[in-house]
Amino acid sequence: MRTNRRQFLKAASAAALLPMPAIAQGAGQKVVVIGGGFAGASAARFIKKGNPQIDVTLVEASPTFTACPFSNLVIGGLRDLRAQQFGYDKIRAAGVTVVIQPATGVDAQAKSITLANGTKLSYDRMVMAPGIDLRWDGLPGYTEQAAEIMPHAWKAGEQTLLLRNQLESMADGGTVVISAPANPFRCPPGPYERASLIAHYLKTKKPKSKVIILDAKDAFSKQRAFQQAWQQLYPDHLEWVSLSKGGKVNSVDASTKTLKTDFSDVKADVANIVPPQRAAAIAQTAGVADRTGWCPIDPVTLESKLVPNIHVVGDAGIMGAMPKSAFSANSQAKVCAAAVTALLAGRTPLEPRLINTCYSVVAPDYGITVAGVYRPKDGVLADVEGAGGVSPLDAPRENRALEAEFADGWFKTITGEVFG
Ligand SMILES: Cc1cc2nc3c(=O)[nH]c(=O)nc-3n(C[C@H](O)[C@H](O)[C@H](O)COP(=O)(O)OP(=O)(O)OC[C@H]3O[C@@H](n4cnc5c(N)ncnc54)[C@H](O)[C@@H]3O)c2cc1C
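A. Just the site of the ligand, in detail. Residues in close proximity to the ligand total 35 residues, the closest being Ala-39, Glu-60, Arg-186, Asp-315 and Ala-326. A distance of 3.2 Å separates an oxygen atom of the ligand from a polar atom in the backbone of Phe-38. Ala-39 places a polar main-chain atom, nitrogen or oxygen, 2.8 Å from an oxygen atom of the ligand. Coverage of the ligand by the protein amounts to 96% of the 1000 Å² it exposes when considered alone. Among the elements of the structure, α2 (38-50), β2 (55-60), α3 (71-75) and α9 (326-344) are those that each provide at least two residues to the shell around the ligand. Residue contributions to the shell around the ligand peak at three residues, all from α9. Its residues assigned to classes, the shell around the ligand shows 20 nonpolar, nine polar and six charged.

B. Local environment of the packing of helix α5 (residues 158-169) against helix α6 (residues 190-205). Contact geometry for α5 and α6: axes closest at 11 Å, N-to-C directions at 30 degrees. Taken together, the axis directions place α5 and α6 in an arrangement best described as roughly parallel. Our pair here, α5 against α6, has a crossing hand that is right-handed. Contacts from Leu-163, Arg-164, Leu-167 and Glu-168 in α5 reach Arg-194, Ile-198 and Tyr-201 in α6. Residue composition of the contact of α5 with α6, grouped by class: four nonpolar, no polar and three charged.

C. Quick peek at the pattern of salt bridges. Within this structure, the stated rule accounts for 14 salt bridges. For the salt bridge of Arg-82 with Asp-80, the shortest nitrogen-to-oxygen distance reads 3.0 Å. You can call Asp-80 partly exposed: its relative accessible area is 38%. Here Asp-315 ties to Arg-186 by a salt bridge, and the two come within 2.5 Å at their closest N and O atoms.

D. Here's a closer look at the sheet that holds strand β12 (residues 210-215). In space, the four strands of this open sheet follow the order β13-β12-β11-β17, with parallel pairing throughout. Strands at the two margins of the open sheet, each flanked by one partner only, are β13 (238-241) and β17 (270-273). Across this sheet, the average inter-strand angle for adjacent strands is 15 degrees, counted without regard to direction. Both strand β11 (residues 175-180) and β17 contribute to a ladder of four bridges, which runs parallel. Bridge pairing in β17 places Ser-179 opposite Ile-273. Its contacts with the sheet put α5 on β11 and β17, and the angle it makes with β17 is roughly 155 degrees.

E. Seen up close, the sheet that holds strand β7 (residues 112-115). Ordered by their spatial adjacency, three strands build an open sheet running β6-β7-β8, and the pairing between neighbours is antiparallel. Strands at the two margins of the open sheet, each flanked by one partner only, are β6 (103-107) and β8 (120-122). Here the average twist between neighbouring strands, direction ignored, is 25 degrees. In the sheet, β6 pairs with β7 via four bridges, with the strands oriented antiparallel. Paired with Asp-107 across the strands is Ser-112, a residue of β7.

F. Unusual backbone geometry, seen in detail. With an omega of -5 degrees, the peptide bond running from Asn-183 to Pro-184 counts as cis. Looking at the secondary structure, you find Pro-184 in the loop between β11 and α6. Not every positive phi belongs to a glycine, and Phe-70 is a case in point at roughly 80 degrees. Position of Phe-70 among the secondary structure elements: in the loop between β3 (65-66) and α3. According to the relative accessible area criterion, Phe-70 is buried, its value standing at 8%. Residues other than glycine seldom take positive phi values, yet Asp-378 does so here, at roughly 50 degrees. Locating Asp-378 in the fold gives a position in the loop between β23 (366-377) and β24 (380-383). Residue class for Asp-378 comes out exposed when judged on its relative accessible area of 74%.

G. Summary view of the layout of surface pockets. If you add up the space inside the second largest pocket, you get close to 550 Å³. In terms of lining, the second largest pocket is formed by 28 residues, of which the most central are Pro-188, Gly-320, Ala-321, Met-322 and Pro-323. Sorting the residues of the lining of the second largest pocket by element identifies β21 (317-318), β22 (354-363) and β23 as the ones contributing at least two each. No other element matches β23, which puts four residues into the lining of the second largest pocket. The class makeup of the residues in the lining of the second largest pocket is 17 nonpolar, eight polar and three charged.

Thresholds applied
- Residues numbered from 1 in each chain as written.
- Predicted model: local features only at pLDDT ≥ 70, side-chain atom pairs only at ≥ 80, totals over all residues.
- Heavy atoms only, no water.
- Near = heavy atom within 4 Å.
- Polar contact = N/O pair within 3.5 Å; in protein donor to acceptor, adjacent residues only side chain to side chain.
- Areas by Shrake-Rupley, 256 points an atom, 1.4 Å probe, with all protein chains shown as cover.
- Helix = DSSP H or I, 4+ residues; strand = E, 2+ residues; numbered from the N terminus.
- Nonpolar A, V, L, I, M, F, W, Y, C, P; charged D, E, K, R; others polar.
- Axes fitted to C-alpha atoms, helices over the stretch in contact; angles between N-to-C directions.
- Parallel < 35°, antiparallel > 145°, perpendicular 65-115°, else oblique.
- Left-handed = near helix turned anticlockwise from the far one by under 90°.
- Contact = heavy atoms within 4.5 Å.
- Salt bridge = Lys/Arg side-chain N within 4 Å of Asp/Glu carboxyl O.
- Buried < 20%, exposed > 50% of the residue type's maximum accessible area, 1.4 Å probe, protein only.
- Pairing = 2+ DSSP bridges.
- 1 Å grid on protein atoms, 1.4 Å probe; cavity = no way out; pocket = protein on both sides within 12 Å on 5 of 7 lines; lining within 4 Å.
- Points joined across faces, edges and corners; volume = space filled by probe spheres on them.

Next up, the structure:
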């Protein structure tokens, strides 16, 4: 199960009292990767694969990784959380040293990382891949305590189960309210996939109930394809309120499960708050995040624009046109691995092309997709025009069913490549 912030701090302070275990680092070139999610675990594996002589250490806070992709199916009652969980044994077997400890400090001058138990690791190049933190100062009323009542479920694990359990306990006739944030945030289609799968649950198990999305935006990923699916599948069970229709949530009150907008106070039976986000704390500590809270990178090497010898991959980075997705994170990790091995060998990294595909499951037999190709341009990762696209509107239902199967195949493939 994923570690929440309180558990993380408790583990960090308890660990500080223990004697420091030594972590063997060889005499060769060293790369340390912080964060063993889709980005970091991929980067560690591909750097080791690219040059087995490099001493690669992966630092991860939790012994079990719980994947967010497909966690909306858990919330919709269509999947077990255990199908989302992965360990690090295969990554160890691939020759990567895996250290289960939170990283707490980075000394970029000395090229050294401090772990919660006091151990120090040195690096020639570091890969920063810690994912996101929720901004607890980003939505008035939404605190860590409030998240126990109005879950975010935007980091998979206990929060996913909390939201699922609340839906199960809700009486038929209840209202589920999802608050979707402004861009940028992890998984742009995620709130809409979640609303769809909650609507599917309500339609099949609690037909007098309804889900409402209160949105801080007027437009969202795969919007037309989602809206067409909602019209076909959930006309009575799902409502989307855009920014211009007063959808932006300005504050929440957990004691009454109320979401306040400019126009009304919306009382929920189950409230799912997806708050504003930023790169996870260690990225802020290391100085690789800028004032936006995210990390600017060079689009060819994915090296930080702020701190040399630290590369940033995955959700923590400012990746231009690339959305914050597991597919993108894995794609960036491969490009970063090639750049890191080239730079350590004294070679110039090649200009990359990156790809992303985001599948959304709207119902068990109904999938939609957005795909893109990206390249460095004017200092950022830009769309390659004419490449990629969205699932066509008015496609036959067989195509939607096939896309749902492709989504399943994608999840198996990516988790197999990263953790298997
Ligand atoms: C509901 C939902 C649905 C989604 N669906 C999809 C989908 O269908 N397809 C898709 O491509 N993407 C999807 N995503 C997005 C995807 O989950 C993220 O984009 C992806 O996980 C980003 O990978 P990452 O490695 O940057 O971060 P993460 O996967 O979050 O990994 C970060 C890791 O770093 C670790 N860490 C953090 N701080 C420290 C520290 N100080 N020390 C050590 N370790 C640390 C964390 O424990 C974690 O394991 C979804 C997300 C959500 C929330």
